[in-house]
Amino acid sequence: MTTTEERPQNRVSPAGNPIGFGRMHRKEDARFLRGQGNYVDDVRMPGMLESAILRSPYAHARIRSIDTSAAAALPGVHAVITGETLAGLNLAWMPTLSADVQAVLATDKVRFQHQEVAYVVADSEYIARDALELR
Amino acid sequence: MPDHDQSQRRAVQISVNGVEHTADVEPRQLLVHYLRNTLGLTGTHWGCDTSQCGTCVAWLDEEPVKTCTVLTVMADGHRVRTVEGLAQGATLDPVQEGFMAEHGLQCGFCTPGMMMTARHLLDHNPDPDEATIREAISGQICRCTGYENIVRAVRHAAGHPSQPSGASAADRDSEGASTVAGEPSQEVPA
Amino acid sequence: MQTPAPVDYARAHSVDEALELLERYGGEARLIAGGHSLIPMMRLRIAQPECVIDINDLTDLDYIRMVDTAGDSYLAIGAMTRHRTVLASPVIGEHYAILHDAERVIADPIVRNRGTVGGSLCQADPAEDLSAVLSALRADAVIVSANGSRTVSVRELDDGPYQTVLEDAEILTEVRIPIRPGAGSAYEKVERRTGDWAVAAVGAYVVLDGDTVRDVGIAMAALGVEHGCATEAEEYLRGRAFTADAVEEAARLAAAATNPSPDQRGPVTYKRHLADELTRRALRRAADRAQGRI
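Residues numbered from 1 in each chain as written. Chains lettered and ligands numbered in written order. Predicted model: local features only at pLDDT ≥ 70, side-chain atom pairs only at ≥ 80, totals over all residues.

So, the overall build of chain C
Here is step 1 of the chain: Across its full length, chain C holds eleven helices and eleven strands.
Here is step 2 of the chain: Here chain C has a C-alpha radius of gyration of 19 Å; the compact-globule value for 294 residues is 19 Å, and the two agree.
Here is step 3 of the chain: Dimensions of chain C, computed from C-alpha atoms along their principal axes, come out at roughly 55 × 50 × 30 Å.
Here is step 4 of the chain: Out of the 294 residues in chain C, the part that is buried amounts to 53%.
Here is step 5 of the chain: Partitioning the contacts of chain C with sequence separation of at least 6, the portion at a separation of at least 24 is 64%. (Helix = DSSP H or I, 4+ residues; strand = E, 2+ residues; numbered from the N terminus. Rg over C-alpha atoms; globule rule 2.2 N^0.38 Å. Buried ≥ 20, exposed ≤ 12 C-beta atoms within 10 Å, placed from the backbone. Contact = placed C-beta atoms within 7 Å.)

This is the structure:
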């Protein structure tokens, strides 16, 4: 006599949840699979602006000055923020989770290549990126 | 400094998921941004600056392309299909079913691109083996799954499930419980 | 995240129209076909053309044909032929497996849907796989202008990194590969990951008469070799018996002629070692194919 062992079918509890063998399908998958995720870049709000960051090409350099006038004058640019702006608001250095501080935008000097130096806020990522060229 | 004159905009007419759209766009606009920003179809993602990650993959005419490396104006007069055009209303495409059944996504960021490539593969090769699937997605990156379950998902869609499909998502209520008639609601005695 | 600078756009519907547009814009326009070299450069703003001239409608240039005229037999590949078409072509697989070897490792399957043969050649990246393959095969490029057309050996096409001998108002329309009955060919590439440029790559073809090398071509990508050709190794092998020793010496000559740059893909010693090893492998596999062993 032969016996065959069958894999138990997925069972469902009285409340309607899968139990036993098999796995729980995730609730969020349907939305993701339809392209209805809400990742940060998907968030769209009325009047929302976009930004671009100017980064230092130098690993270690003193910042003598930053001329933001050309960038700020570009149509579609709403603000050009530097470490100086932030320092005036005591926001240039912010506490980290490791109980130290980290530079938000460089003030006196840059301490690593690609350190953030200026922050452009504009109508689109294209215009914000254009503003980075204007120095 | 190049001129930002708005008159550089061009009128384009592009069919997206079967619907004709017209818009005035800058020639420099990347197709991925036309889909996401102009049309609000944010299912196609923008993930890298180097045409490597493939989160932007959608179809241009009948082929998957990296939409971050196509200008919108190049798609003028052509057809685009995105992840939003995979499902038929409430009914998920078998590729989507496969990803759901086989846990083919965790964060889901690479998933639309992976599925658009998978759909194209299966349209041309209905029963691909694992090596063929891995080759097909080799231009796209997933940081979560290690690709194993993505391969299983595509195999599932090709008719080789390792996990039962179960009810589709459309058949689940907000608690995830099945609302499909006929599914057992009593515990089977041991 | 990177976006291109403002640019103008024109679409050409014929080669003549493309030439007219190129003439009109002088050197400030760039043809765009697959766009997977140009658009990444535009996003980083390394390239800022005034205008891109879209030639994707030039479908007349998308073909692979055997041409057999009196005394001249060659494979003609139109410049707009996409990489994926080359990879899928049985005619190419039959005559020059080296092209299939290379296409399998050029970029990735999605990029290959768009990238074109002409685009790859005209990009003239020192690590361009197709340039090395077509140099190895001693292919010719047909270049068209308002004044007519000229033929340039692919070995003479590049004029330095990212430069070709094409004038501002010229278009590469076709590549011609001589048919060599009995030839075997192969391409060997080492890359860090799928879609990457080569750390080093070598392509070769041989035509054997018994065990004697009647004809041979060897070219290298990403190894700092002028026009990619390992001419000393080629000269050494021609007329010689194809023995293990001969292959070893040819590989040594090929590697000695390289001038690789140390970079994130590896130091000079590693790349030279690869040049040597990959030349051996390419030659051996080409010979195996020529003699029907694989």
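Details of the interface of chain B and chain C
Here is step 1 of the chain: With 29 residues of chain B at the contact, the number on the chain C side is 25 residues.
Here is step 2 of the chain: Those elements that place two or more of their residues in the side of chain B that touches chain C are β4 (63-66) and α4 (130-136) of chain B.
Here is step 3 of the chain: The leading source of residues in the side of chain B that touches chain C is β4(B), at four residues.
Here is step 4 of the chain: The class makeup of the residues in the side of chain B that touches chain C is eleven nonpolar, ten polar and eight charged. (Nonpolar A, V, L, I, M, F, W, Y, C, P; charged D, E, K, R; others polar.)

Notes on the domain arrangement of chain C
Residues and elements named next belong to chain C.
Here is step 1 of the chain: Examined at the domain level, chain C breaks down into domain 1 (8-54), domain 2 (59-178) and domain 3 (184-289).
Here is step 2 of the chain: Centre-to-centre separation of domain 2 and domain 3, based on C-alpha positions: 20 Å.
Here is step 3 of the chain: The partner domain 3 presents 23 residues to the 22 residues of domain 2 that form the contact.
Here is step 4 of the chain: The set of elements that each furnish at least two residues to the side of domain 2 that touches domain 3 consists of α5 (97-104) and α8 (129-136).
Here is step 5 of the chain: Across the side of domain 2 that touches domain 3, the residue classes break down as twelve nonpolar, two polar and eight charged. (Domains from an automatic or database assignment.)

Looking at the nonpolar core
Residues and elements named next belong to chain C.
Here is step 1 of the chain: Ala-204 and Met-220 are the most contacted members of the largest nonpolar core, which totals 151 residues.
Here is step 2 of the chain: When residues of this core are assigned to their parent elements, the largest contribution, eight residues, is made by helix α11 (residues 268-290).
Here is step 3 of the chain: Excluding its chain neighbours within four sequence positions, the residues that come into contact with Ala-204 are Ala-136, Ser-185, Ala-186, Val-216, Gly-217, Ile-218, Ala-282, Leu-283 and Ala-286. (Core = buried A, V, L, I, M, F, W, Y, C linked by C-beta atoms within 7 Å.)

A word on the pairing of strand β5 (residues 72-78) of chain C
Residue and element names in this part refer to chain C.
Here is step 1 of the chain: Sheet analysis places strand β4 (residues 64-69) next to β5, joined by six bridges and oriented antiparallel. Residue pairing for β5: Arg-65 is matched across the bridge by Ala-76.
Here is step 2 of the chain: Between β4 and the antiparallel strand that follows it, β5, lie two residues; Gly-71 among them carries a positive phi value of about 75°.
Here is step 3 of the chain: Sheet topology note: the β5/strand β8 (residues 171-178) ladder contains five bridges and is antiparallel. Of the residues in β8, the one forming a bridge with Tyr-74 is Pro-178. (Pairing = 2+ DSSP bridges.)

Some thoughts on the sheet that holds β4(C)
Whenever strands of a sheet pair, they do so through backbone hydrogen bonds, lying parallel or antiparallel.
Residue and element names in this part refer to chain C.
Here is step 1 of the chain: As summarised here, the arrangement of the five strands in space is β4-β5-β8-β6-β7, forming an open sheet in which the pairing is antiparallel. Across the chains shown, the open sheet's two edge strands, defined by having one partner strand only, are β4 and β7 (148-153). Neighbour-to-neighbour, the strand axes of the sheet open up by a mean angle of 30°, direction not taken into account.
Here is step 2 of the chain: The pairing of strand β6 (residues 140-145) with β7 spans six bridges and is antiparallel. Paired with Val-144 across the bridge in β7 is Ser-149.
Here is step 3 of the chain: Running over the sheet, helix α1 (residues 15-25) touches β6 and β8 and is turned about 125° from β8. (Axes fitted to C-alpha atoms, helices over the stretch in contact; angles between N-to-C directions.)

A few points about the confidence of the model for chain C
Here is step 1 of the chain: Averaged over every residue, the pLDDT of chain C is 97; the share at 70 or more is 100%.
Here is step 2 of the chain: Here the predicted complex scores 0.91 on pTM and 0.96 on ipTM. (pLDDT = per-residue confidence, 0-100.)

Focus: the packing of α5(C) against α8(C)
Residues and elements named next belong to chain C.
Here is step 1 of the chain: Relative to each other, α5 and α8 sit at 170°, their axes nearing to 10 Å. It follows that α5 is roughly antiparallel to α8 by the angle criterion. Residues Ile-98, Leu-99 and Ala-102 of α5 form the contact with α8, whose own contacting residues are Asp-129, Leu-130, Val-133 and Ala-136.
Here is step 2 of the chain: Partitioned by chemical class, the residues of the contact of α5 with α8 number six nonpolar, no polar and one charged. (Parallel < 35°, antiparallel > 145°, perpendicular 65-115°, else oblique.)

Overview of the pairing of β7(C)
Here is step 1 of the chain: Along β7(C), only zero of the six residues are buried, which leaves the element largely exposed.
Here is step 2 of the chain: Counting the residues in the hairpin turn of β6(C) and β7(C) gives two residues.

Observations concerning the environment of Ala157(B)
Here is step 1 of the chain: With respect to the helices and strands, Ala157(B) occurs in helix α5 (residues 148-157).
Here is step 2 of the chain: Among all residues touching Ala157(B), those that are not within four sequence positions of it are Pro94(B), Val95(B), Glu97(B), Gly98(B), Ala118(B) and Leu122(B).

Quick look at α11(C)
Here is step 1 of the chain: For α11(C), spanning 23 residues, the distance from its first C-alpha to its last is 32 Å, which sits close to the expected 33 Å at 1.5 Å a residue.
Here is step 2 of the chain: Gly292(C) sits one or two positions beyond α11(C) and adopts a positive phi of about 70°. (Expected span 1.5 Å × (residues − 1).)

Topic: the sheet that holds strand β3 (residues 50-55) of chain A
Residue and element names in this part refer to chain A.
Here is step 1 of the chain: If you walk across this open sheet you meet the three strands as β3-β9-β5, and the pairing is antiparallel. Whereas interior strands pair on both sides, the edge strands pair on one side only; in this sheet they are β3 and β5 (77-82). Taking each pair of neighbouring strands and ignoring which way they run, the sheet shows an average axis angle of 20°.
Here is step 2 of the chain: Both β3 and strand β9 (residues 116-122) contribute to a ladder of six bridges, which runs antiparallel. Residue pairing in the sheet places Ala-52 in a bridge with Val-120 of β9.
Here is step 3 of the chain: Helix α4 (residues 125-133) rests against β3, β5 and β9 of the sheet, and its axis sits at about 25° to β3.

Describing α8(C)
Residues and elements named next belong to chain C.
Here is step 1 of the chain: With eight of its eight residues buried, α8 lies for the most part within the structure.
Here is step 2 of the chain: If you check which residues of α8 are buried, you get Asp-129, Leu-130, Ser-131, Ala-132, Val-133, Leu-134, Ser-135 and Ala-136.
Here is step 3 of the chain: Those residues of α8 that are buried lie in contact with α5, α7 (117-123), β8, β9 (184-190), β10 (200-209) and β11 (212-221).
Here is step 4 of the chain: Phi for Arg-138, located one or two positions after α8, is positive at around 55°.

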